[in-house]
Amino acid sequence: MTVAPAFAPVPPLAARARSIGGSPVRDILAVTARPEVINFAGGLPAPQLFDAQGVAEAFGSVLAQASAQALQYSTTEGEPALRDALAARTTARGLPTDADDILVTTGSQQALSLLATALLEPGDTVLVESPCYLAALQVFAFAGARVVAVPGDDDGVVPDALEELVVRERPKLLYTVPTFQNPTGRTMPADRRAAVAAVAARRGLWIVEDDPYGELRFEGERVPWIASYEEAADRTVLLGSFSKVMAPGLRLGWLRAPGELRRACVVAKQAADLHTPTLNQLAAARYLADRDLDAHVARVAGVYRERRDAMLAGLPEALPEGSAWARPEGGMFLWARLPEPYDTTALLPRVVRHDVAYVPGAPFYAGDPDRSTLRLCFVTQTPEEIREGLRRLGEGLRGQALPFGSRP
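Values in this document were obtained by computation on a predicted structure and should not be read as measured data. (Residues numbered from 1 in each chain as written. Predicted model: local features only at pLDDT ≥ 70, side-chain atom pairs only at ≥ 80, totals over all residues. Heavy atoms only, no water.)

**A few points about the pattern of salt bridges**
Consideration 1: Within this structure, the stated rule accounts for 28 salt bridges.
Consideration 2: A salt bridge links Glu 163 to Arg 202, with the shortest nitrogen-to-oxygen separation between them at 2.8 Å. On the criterion of sequence distance, the pair formed by Glu 163 in helix α7 (residues 159-169) and Arg 202 in helix α8 (residues 190-203) is long-range, its members being 39 residues apart.
Consideration 3: Residue class for Glu 163 comes out buried when judged on its relative accessible area of 15%.
Consideration 4: Two residues, Glu 384 and Arg 387, come together in a salt bridge whose shortest N-O distance is 3.5 Å. One end of the pair is Glu 384 and the other is Arg 387, both in helix α13 (residues 383-397) and three residues apart, which spans about a single turn.
Consideration 5: In this structure, a network of salt bridges that share partners links the residues Glu 219, Arg 305, Arg 308, Asp 309 and Arg 327. (Salt bridge = Lys/Arg side-chain N within 4 Å of Asp/Glu carboxyl O. Helix = DSSP H or I, 4+ residues; strand = E, 2+ residues; numbered from the N terminus. Buried < 20%, exposed > 50% of the residue type's maximum accessible area, 1.4 Å probe, protein only.)

**Some details on the sheet that holds strand β15 (residues 373-377)**
Consideration 1: Reading across from one edge, β11-β12-β15-β14 is the order of the four strands in this open sheet, with antiparallel pairing throughout. Each end of this open sheet is capped by a strand with a single partner; those strands are β11 (324-325) and β14 (359-360).
Consideration 2: In terms of strand pairing, β11 meets strand β12 (residues 333-337) through two bridges, oriented antiparallel. What sits directly across from Trp 325, in β12, is Ala 336. (Pairing = 2+ DSSP bridges.)

**Here we look at the confidence of the model for the protein**
Low pLDDT means the predicted atomic positions in that stretch should not be read closely.
Consideration 1: Considering every residue of the protein, the mean pLDDT works out to 94; 95% of them sit at 70 or more.
Consideration 2: The model gives residues 403-408 a pLDDT under 50, and that stretch makes 16 contacts with residues more than four places away or in other chains. (pLDDT = per-residue confidence, 0-100. Contact = heavy atoms within 4.5 Å.)

**Comments concerning the environment of Ala 17**
Consideration 1: By the secondary structure assignment, Ala 17 is in helix α1 (residues 15-19).
Consideration 2: On the basis of relative accessibility, which here comes to 37%, the residue Ala 17 falls in the partly exposed class.

**Some remarks on the sheet that holds strand β9 (residues 236-241)**
Consideration 1: The strand order across the open sheet formed by seven strands is β2-β10-β9-β8-β7-β3-β4, and the pairing between neighbours is mixed. Of all the strands in the sheet, just β2 (102-105) and β4 (146-149) have a single pairing partner and so form its edges. Strand-to-strand twist across the sheet, computed as the mean angle between neighbouring axes with direction ignored, equals 20°.
Consideration 2: Of the strand pairs in this sheet, strand β3 (residues 125-128) and strand β7 (residues 173-176) are connected by three bridges, and their pairing is parallel. (Axes fitted to C-alpha atoms, helices over the stretch in contact; angles between N-to-C directions.)

**Description of empty space enclosed by the protein**
Consideration 1: Here the structure, examined in full by the defined rule, presents two cavities of 30 Å³ or more.
Consideration 2: Space inside the largest cavity adds up to approximately 50 Å³.
Consideration 3: Of the residues assigned to the lining of the largest cavity, the class counts are nine nonpolar, two polar and one charged.
Consideration 4: There is about 30 Å³ of room inside the second largest cavity.
Consideration 5: Looking at the second largest cavity, the residues that line it are Glu 129, Asp 155, Gly 156, Val 177, Pro 178, Gln 181, Arg 186, Thr 187 and Met 188. (1 Å grid on protein atoms, 1.4 Å probe; cavity = no way out; pocket = protein on both sides within 12 Å on 5 of 7 lines; lining within 4 Å. Points joined across faces, edges and corners; volume = space filled by probe spheres on them. Nonpolar A, V, L, I, M, F, W, Y, C, P; charged D, E, K, R; others polar.)

**Structural notes on the packing of aromatic side chains**
Consideration 1: Using the criterion set out here, one finds six aromatic pairs in the structure.
Consideration 2: Between Trp 335 and Phe 364, the aromatic rings sit 6.0 Å apart at their centres with planes inclined by 90°, giving edge-to-face as the arrangement. Placement of the pair is Trp 335 in strand β12 and Phe 364 in the loop between β14 and β15, with a sequence separation of 29 residues. When sorted by exposure, Trp 335 lands in the same class as Phe 364, which is buried.
Consideration 3: Taken together, Trp 335, Phe 364 and Tyr 365 form an aromatic cluster joined through their ring pairs.
Consideration 4: Between Arg 222 and the ring centre of Trp 225, over which it is positioned, the NZ or CZ distance is 4.6 Å. (Phe/Tyr/Trp six-rings, centres within 6.5 Å; stacked < 30°, edge-to-face > 60°. Lys NZ or Arg CZ within 6 Å of the ring centre and 35° of its normal.)

**Notes on helix α3 (residues 52-70)**
Consideration 1: Taking 1.5 Å per residue as the helical rise, α3 with its 19 residues ought to reach 27 Å, whereas the 19 Å between its terminal C-alpha atoms falls clearly short.
Consideration 2: The sharpest bend along α3 comes to roughly 75°, located at Ala 64.
Consideration 3: Residues of α3 that are buried: Gly 54, Val 55, Ala 58, Phe 59, Ser 61, Val 62 and Ala 70.
Consideration 4: Against α10 (278-290) lie the buried residues of α3. (Expected span 1.5 Å × (residues − 1). Bend = angle between axes of the 7 residues up to and from the residue.)

**A closer look at the pairing of strand β8 (residues 206-210)**
Consideration 1: Burial analysis of β8 places four of its five residues in the buried class, the great majority of the element.
Consideration 2: Of the strand pairs in this sheet, β7 and β8 are connected by four bridges, and their pairing is parallel. Within the sheet, the bridge partner assigned to Tyr 175 lies in β8 and is Val 208.
Consideration 3: You can see the chain leave β7, run along α8 and come back into β8, and the turn it takes is right-handed.
Consideration 4: By the bridge criterion, four bridges tie β8 to β9 in an arrangement that is parallel. Opposite Ile 207, over in β9, you have Thr 236 as the bridge partner. (Right-handed = clockwise from strand over helix to strand, strands pointing away.)

Written out as structure tokens, the structure reads:
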């Protein structure tokens, strides 16, 4: 009789992999993938507005003229042609930048991960906005950081509260999305940015300034980057991305950072993926050389403004009496707060039965969440689809106030 060999169990997953959950946004997208669902949950650019022909021509040109280079390994820092173009665009927007200041990353999400690797030890404290971009909270949690939310208002983090926390908590960095913030859509005004830069200078603090949406402005005047203030020049990392202005599938982002930190991120990237795909980088550089990206972004922003306006027009009828929401000047997101006792997490399954979806606000908080909040993305659907989606949302919410913590 043959006895089957006994196998010892494999070692367990790392504690961080066991303790950190997935993205609630990604989970919602998986649940609501049915084509009949009008999905305000994702942060997806409108695919009909991609310049598919221009991108295809850029790839074709690179493969026809420089295939050996495009299909080969590249330097970790990024292709010189792309870094030159990014430096020129950054300089033209008021922040003098050399190509050597820039590290090209595989999406700006990777830039966040590289910064966490280069800056954070387990147990270090990170300050974030309240609410905060969800995937940043995931990055800092995986790094073993202690995440503390800075009190804020409609203009972003409150400088006095920031300084108090820096003195008390001795954090390594502040993470902020100051322009058209995800999830709230708010923009930090110039005087507030100057005050935040001054706190960082006085108290010794890194600032990670994430700017994926800044070019999608519909109205109002552009606000200078925090990185452009003298007090913050040696301690601010600026993150950028082509995902919202060209195409997210290219997975092209970048970081602009002081030399020592940038070099540390280069080493971290070598360990992560060696370099960002050469072909994608060269195609983006060719696109910037041959096409007018600013004109394309202006067209996209014009469409997005119409969609924002359609959502703003429909919210009074869709949301319960006593609700409040912001009017973003650009970006992709609108933030709403329902009156108590609405719990948007508990309500979501009931709303999805009406073939519409949103993201509950609770996961965006590092501290105690406001469970009456929700995020709506207004750029993916047409105005007609937005109006229909809001009609469904109103039906799903009507008469459905639930006590906090209850479940459908």
